[in-house]
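Next come the chains, spelled out residue by residue.
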Amino acid sequence: MHSKRKARRNVYRWVAAGPLLALLAVLLWAWPYMAITEPSGAKVLVVEGWMDPPALEEAARMALDSGYSKVYTTGTVRPFAHYLGPGEAVVTRMAMPAKGNLAVDVSGIDGAGFLLIADNDTVLDQAVTAEPTLYHAVAPHPVDSLRIQAWPMHSRVTGPEIFVRILEVGGWNVNVLQRDSRYIHADGKAEPAPSTFAHSAMDALVRMGVPADRITAVPAYGDPRSRSWGNAHAFGIQAAKDGITAFDVATTGVHARRSRNLFRLACGEQTNVGVIALTDPYCTRSNWWKSRRGWGTLLKEVFGAGEAQAVEVKKWR
């Protein structure tokens, strides 16, 4: 009897361990399968703009050292996030008059504050604290433009005095609603304020030495359910317009295979899509299992691996 019970327990252990062993096998196989580097040989590079600065720096070096003659940056609408020095401002013009309550999250140094101006009406004139705080205001009518401006500081402040983390109208990020945004320096000079990751990545690559005339930003506007597919779809339209038949996508680590599949779907079977897996320091082959971020990154790609097939099925319904 005792030996039968023991045998039964061993069977149960193996049954319980089976799924865990299967999951472990999948995860051990997943990293090299997903973090692929297979260049197309083309001289066109597509850089996914949502990546962290170290990955963008690696992409910039690749663009300069590997002879790419044309670089495209992709990206969806980014959060409204700006550091402002004394007297500096961001002015956002709406694509159409926007209505709803206003919300802005701001923090700053001692003595700092900001103005929030809806069209010509000052709706907030507020001192800030070091802790991020969400402030609310009511626009008197649908607004065509919003201006958030840091107070001029009387003491000598050489860097940013406030950080604006959120600016919303009716619960919507203003970057989704905007026609254009401008950064206004204290001396009145203006320059574009990037509202998408495509534009902010382009600015970053230029600062890293890639010639501006070699880069084209391809933003994906709106609020797509899948940012990865939104980026690929927007580039597919641009590629058809520019007659691109081969290119490489630069993205981070284990996102590489999913990106290539989505760009292939967006650009069509006639396009040769290569891919380059840039370094993700938190999810390398040797360390992904040592941190929560590494596990999260890998599992996200395991569960998202079928996105291209899901998009294709949806297209033909």
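Higher on the page you've got the structure.
Residues numbered from 1 in each chain as written. Predicted model: local features only at pLDDT ≥ 70, side-chain atom pairs only at ≥ 80, totals over all residues. Heavy atoms only, no water.

Q: Which residues make up the pairing of strand E5 (residues 101-108), and what are the values?
A: Side-chain direction in a regular strand flips from residue to residue, so the side chains alternate between the two faces of the sheet. Extensive coverage of E5 is indicated by the burial of 7 of its 8 residues. As defined by bridge partners, E5 adjoins strand E8 (residues 133-138) across 6 bridges and the pair is classed as antiparallel. Along E8, the bridge assignment pairs Val104 with Tyr135. Sheet topology places E5 next to strand E10 (residues 162-169); 7 bridges connect them, and they run antiparallel. (Buried < 20%, exposed > 50% of the residue type's maximum accessible area, 1.4 Å probe, protein only. Helix = DSSP H or I, 4+ residues; strand = E, 2+ residues; numbered from the N terminus. Pairing = 2+ DSSP bridges.)

Q: An account of helix H5 (residues 227-242) is needed here, citing residue identities and associated values.
A: Compared with an ideal rise of 1.5 Å per residue, which puts 16 residues at 22 Å, H5 spans 22 Å between its outermost C-alpha atoms and is within 8% of the ideal. What H5 keeps buried is the set Ser228, Trp229, Gly230, Asn231, Ala232, Ala234, Phe235, Gly236, Gln238 and Ala239. Looking one or two residues past H5, Gly243 carries a phi angle of roughly 70°, positive in sign. (Expected span 1.5 Å × (residues − 1).)

Q: Tell me about the sheet that holds strand E4 (residues 89-98), residues and numbers included.
A: Spatially, 6 strands are ordered E7-E6-E9-E4-E12-E13 in an open sheet, and the strand pairing comes out antiparallel. The outermost strands of the open sheet, each flanked by one partner alone, are strand E7 (121-127) and strand E13 (190-192). On average, each strand axis in the sheet is inclined to that of its neighbour by 20°, with strand direction left out of account. Pairing geometry for strand E12 (residues 178-184) and E13, over 3 bridges, is antiparallel. By the bridge assignment, Tyr183 is partnered in E13 with Glu191. (Axes fitted to C-alpha atoms, helices over the stretch in contact; angles between N-to-C directions.)

Q: I'd like to hear about unusual backbone geometry, residue by residue, with values.
A: At Asp119, a residue that is not glycine, the phi angle is positive and equals roughly 55°. Among the structural elements, Asp119 can be located in the loop between strand E6 (113-118) and E7.

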